[in-house]
Amino acid sequence: MMIKQRQGELSVQSTPRALRLLAGCAVLAILAGCATPEPRPAPEEPATDVPEPEVLEVEPGAAEDPELAAGVDSAASGLAQRAEQARADADLARAGQLLERALRIAPRDARLWQRLAAVRLEQRDFDQAERLAQRSLGMAAGDRALQRENWTVILQAREGRGDTQGAREAREALRALGGERV
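Overview of the structure. (Residues numbered from 1 in each chain as written. Predicted model: local features only at pLDDT ≥ 70, side-chain atom pairs only at ≥ 80, totals over all residues. Heavy atoms only, no water.)

**Considerations on helix α4 (residues 92-105)**
Threshold: Helical segments are the DSSP runs of H or I of at least four residues, strand segments are the runs of E of at least two, and each set is numbered from the N terminus. Take the residue count of a helix, subtract one, and multiply by 1.5 Å to get its expected span. Using a 1.4 Å probe on the protein chains alone, a residue whose accessible area is under 20% of its type maximum counts as buried, one over 50% counts as exposed, and one in between counts as partly exposed. Working note: the arc is built from the helix axis to C-beta atom directions. Residue contacts follow a heavy-atom distance rule, with two residues in contact if any of their heavy atoms lie within 4.5 Å.
Taking 1.5 Å per residue, 14 residues should reach 20 Å; α4 reaches 20 Å between its end C-alpha atoms and fits that length. Of the residues making up α4, those classed as buried are Leu92, Ala95, Gly96, Leu98, Leu99, Ala102 and Leu103. Along the long axis of α4, the arc covered by the buried residues comes to 165°, so they all point the same way. Structurally, α4 contributes buried residues whose contacts are with α3 (74-88) and α5 (110-122).

Right, here's the structure in full:
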C-alpha cells in the first residue's frame, strides 16, 4: 500500500501485496469468530456394577465400651475394636491399617485420630504421631480426657524428637487441663 500526498490531501493506492495481506487478516478474523470450544465430555453415568461396601460385624462387647462406640458407626467401631486387638498383640502395622480404614468411614471421630496417633507414637513415628494428635485435639472440644490423651501423645512425640521447648509447652497444656499424665 502506498500513501501519496498531493497538495493538502492524502491518497492511498493499493498494491497486490497489501490487498493479499488485508484479505488474509480478514479471513483470520472470520475464522477466529467461528471457532468453537472443544465439546465437554458427557457426564459419567452412575456405575451399576459397583460393589456394596464391606459390612463388618461388631462383636457383642463393643457397644459396652462408650469410648469406642460413641459417635462411630458399627463398621468403624468394629474396625477400631480389631485395631485395639492387633495393638494388644503388638501388631502395630495392622492396628494402623485398621484405624486408617475406620477413619475413612468416620473421618470426624476424634477418638479414632487419637488412637492412630498413639499407634504411630508406639511405632516411633514422632512427627506423624504429633500431627494426628493435633488433628484429634482440634475435634475434641469439650472432651478434656481426650484432650489430655492428645497432649500426652504430643508431649511424648516432642520428647522423642528431642524438642525440649515443645515438650515444655505440651506439659503446660496438660497442667492447664488438670494434670500431666506422663
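**Details of the nonpolar core**
Stated precisely, the cut-off is as follows: Here, the term nonpolar core denotes a set of buried Ala, Val, Leu, Ile, Met, Phe, Trp, Tyr and Cys residues that are joined through side-chain atoms within 4.5 Å.
Counting 33 residues, the largest nonpolar core has Leu99, Leu112, Leu121, Trp151, Val153 and Ile154 as its most contacted members. Of all the elements in the fold, those that place two or more residues in this core are α3, α4, α5, α6 (126-139), α7 (144-161) and α8 (164-176). Those residues in contact with Val153 that sit more than four places away from it in its chain are Gln114, Ala117, Ala118, Leu121, Ala129 and Ala133.

**Looking at the side chain of Asp109**
This is how the line gets drawn: Charged residues are defined narrowly, with Lys and Arg counted positive, Asp and Glu counted negative, and His plus the chain ends left uncounted. Each salt bridge in this description consists of a side-chain nitrogen of Lys or Arg and a carboxyl oxygen of Asp or Glu lying within 4 Å of one another. N or O atoms closer than or at 3.5 Å make up a polar contact, with two conditions inside protein: a donor-capable atom paired with an acceptor-capable one, and, for residues adjacent in sequence, both atoms drawn from side chains.
Along the chain, Asp109 falls in the loop between α4 and α5. The side chain of Asp109 is buried and forms no salt bridge, while Arg111, the nearest opposite charge, is found at 6.1 Å. One polar contact links the side chain of Asp109 to the main-chain amide nitrogen of Leu112, over a distance of 3.0 Å.

**Some details on the pattern of salt bridges**
This model, assessed by the stated rule, comprises twelve salt bridges. Here Asp127 and Arg161 are joined by a salt bridge, their closest N and O atoms 3.4 Å apart. Of this pair, Asp127 sits in helix α6 while Arg161 sits in helix α7, placing them 34 residues apart in sequence. By relative accessible area, which is 42% here, Asp127 ends up partly exposed. With a shortest N-O distance of 2.8 Å, Arg175 and Glu172 are connected by a salt bridge. Of this pair, Arg175 and Glu172 both sit in helix α8, three residues apart, which is roughly one turn of that helix.

**Topic: unusual backbone geometry**
Phi is positive for Ala90, close to 65°, though the residue is something other than glycine. One can find Ala90 in the loop between α3 and α4. In the Ramachandran plot, Arg124 falls in the positive-phi region, its phi being about 65° despite a non-glycine side chain. Counting through the fold element by element, Arg124 comes out in the loop between α5 and α6.

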